[in-house]
Amino acid sequence: MSIPSYPLFEPLKKEHKSLFDNAFENYPPEISEFTFTNLYSWRIAYDFQISMLGDLIILKASSGTRHRFLSPIGQGDIKQAIVKILDDSKGAFIRISESAKDLFSNDPGFIVDLDRNNSDYLYRTIDLISLQGRRYDGKRNLIKKFRGEYEYRFLEFNASNISRCLEFEEKWCSIKDCDSVEGLNNERNAIKEMVSNFSEFNLIAGAVEIKNAILALAIAERFNLNTLVMHVLKADPNMPGLYQVIMNEFLEKSSGAFEYVNLEQDLGIEGLRKSKKSYHPVKMINKYTISLKE
């Protein structure tokens, strides 16, 4: 399909999926934002627009007070593309990977800031399944206590029954008051997009069911050859141990041969950061913001 050439842009569409799939296959992504599932599902919240600069895919997020761009995707001179777009727009590049950031490490004309709130957490899958060692004592105890108190089923979903997950999302949102929190409402809309495009996006999903009600949900997909990325992982907050159970059950039954799992970022939310750190990541995949020095 025809994509506008920079500086022209058009809204991100489902028809662009094959373009991104080919680019990510040839140039495996480093950051969790770079799956078509994430980009498309969050396209309205960020107002994502797409353009081509040579053979590079350029993504612009038009939401907010100034133009923001994601790292160019594909084959080409990434630094040259970033410099040109910053000169033109006086905006910023966000969610820049470590390797792209290094292109600017000795260039005094640019401001490079660590975006810690959006850094990804990477874990060994086997660690989160086996929960071996003293550092996971608390997780094992929570799971054991939950299993002693509740009779539950772990369900693996496909396109025929994935819509059941929306029942849980609405219940979770009623507890968290998503209507009053922009980020949670945007997440709710993103989950609806994932459910609507479940087969086309090659997603994997599982849930915990108690008394015919879905009370915890996980949605993930292949990120690269050895890594699974978890797009959604949530549980009824009023049931201690359920979050640990859905994490453990899903990875044990659905992670396949993936050596690593990327649990995405903590967004600077204190409780979420504490939880993700407590699972002992093997690596933080840092992201950066780049802008011109005035």
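The sections below set out a description of the structure shown in this document. (Residues numbered from 1 in each chain as written. Predicted model: local features only at pLDDT ≥ 70, side-chain atom pairs only at ≥ 80, totals over all residues. Heavy atoms only, no water.)

1. Brief notes about helix α9 (residues 182-196)
Next up, step 1: Over its 15 residues, α9 runs 21 Å from end to end, which matches the ideal 21 Å to within 8%, given 1.5 Å per residue.
Next up, step 2: Among all positions of α9, only Asn 186, Arg 188, Ala 190, Ile 191, Glu 193, Met 194 and Val 195 are buried.
Next up, step 3: The secondary structure elements touched by the buried residues of α9 are α2 (36-41), α3 (43-46), α8 (165-176), β10 (213-224) and β11 (227-235). (Helix = DSSP H or I, 4+ residues; strand = E, 2+ residues; numbered from the N terminus. Expected span 1.5 Å × (residues − 1). Buried < 20%, exposed > 50% of the residue type's maximum accessible area, 1.4 Å probe, protein only. Contact = heavy atoms within 4.5 Å.)

2. Some thoughts on the layout of surface pockets
Next up, step 1: Looking at the second largest pocket, its volume works out to about 380 Å³.
Next up, step 2: Taken together, 17 residues make up the lining of the second largest pocket; nearest its centre are Asp 21, Phe 24, Glu 25, Arg 222 and Phe 223.
Next up, step 3: Looking at the lining of the second largest pocket, the elements with two or more residues in it are α1 (17-26), α2 and β10.
Next up, step 4: Grouping the constituent residues of the lining of the second largest pocket by class yields eight nonpolar, four polar and five charged. (1 Å grid on protein atoms, 1.4 Å probe; cavity = no way out; pocket = protein on both sides within 12 Å on 5 of 7 lines; lining within 4 Å. Points joined across faces, edges and corners; volume = space filled by probe spheres on them. Nonpolar A, V, L, I, M, F, W, Y, C, P; charged D, E, K, R; others polar.)

3. Brief notes about α8
Next up, step 1: With twelve residues, α8 extends 17 Å between its outermost C-alpha atoms, agreeing within 8% with the 16 Å of an ideal straight helix rising 1.5 Å per residue.
Next up, step 2: Listed in full, the buried residues belonging to α8 are Cys 165, Phe 168, Glu 169, Trp 172 and Cys 173. End-on view of α8: buried residues confined to an arc of 135 degrees, all on one side of the axis.
Next up, step 3: Here the buried face of α8 lies against β8 (153-157), α9, β10 and β11.
Next up, step 4: Positive phi appears at Asp 177, one or two residues downstream of α8, with a value of about 55 degrees. (Arc of directions from axis to C-beta.)

4. Things to note about the environment of Glu 98
Next up, step 1: Here Glu 98 lies in helix α5 (residues 98-102).
Next up, step 2: Residues Glu 98 and Ile 285, 187 residues apart in the sequence, show an inter-C-alpha distance of 7.7 Å.

Nothing here speaks to function; it is all geometry.
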